[in-house]
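Summary of the model geometry
This is what each chain is made of:
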Amino acid sequence: MLYLAFAGFFLIYVLLGWFTDTVEMSAVGGVLSVAFFFGNLYLFWREKRNASKNE
């Protein structure tokens, strides 16, 4: 479940950076945030899949 919390954090960070001036978003920061977002979603999906196989 912690993976979803981190994915949510990176999603909020990207949205704040793109649509507001609250966060100064650089191109590298945007790319890394999107990569970490999808990486955390993948890790969450993999953990759920492995948990269902072990049961």
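Above: the structure in question.
In this report, the structure presented in the accompanying data block is examined. (Residues numbered from 1 in each chain as written. Predicted model: local features only at pLDDT ≥ 70, side-chain atom pairs only at ≥ 80, totals over all residues. Heavy atoms only, no water.)

Here we take up the packing of aromatic side chains. Summed over the entire model, instances satisfying the criterion amount to five aromatic pairs. Three or more aromatic residues joined by ring pairs make a cluster, and in this case those are Phe9, Phe10, Tyr13 and Phe36. (Phe/Tyr/Trp six-rings, centres within 6.5 Å; stacked < 30°, edge-to-face > 60°.)

As for its position among the elements, Val31 is in helix 2 (residues 27-54). Overall, the relative accessible area of 58% leaves Val31 in the exposed class. Expressed as a C-alpha distance, the spacing of Val31 and Phe6, which sit 25 residues apart in the sequence, is 16 Å. (Helix = DSSP H or I, 4+ residues; strand = E, 2+ residues; numbered from the N terminus. Buried < 20%, exposed > 50% of the residue type's maximum accessible area, 1.4 Å probe, protein only.)

Helix length check: helix 2 (28 residues) gives 41 Å between terminal C-alpha atoms against 40 Å at 1.5 Å per residue, within 8%. For helix 2, the complete set of buried residues consists of Gly29, Gly30, Ser33, Phe37, Asn40 and Phe44. Looking at the buried positions of helix 2, the neighbouring elements they touch are helix 1 (2-19). (Expected span 1.5 Å × (residues − 1). Contact = heavy atoms within 4.5 Å.)

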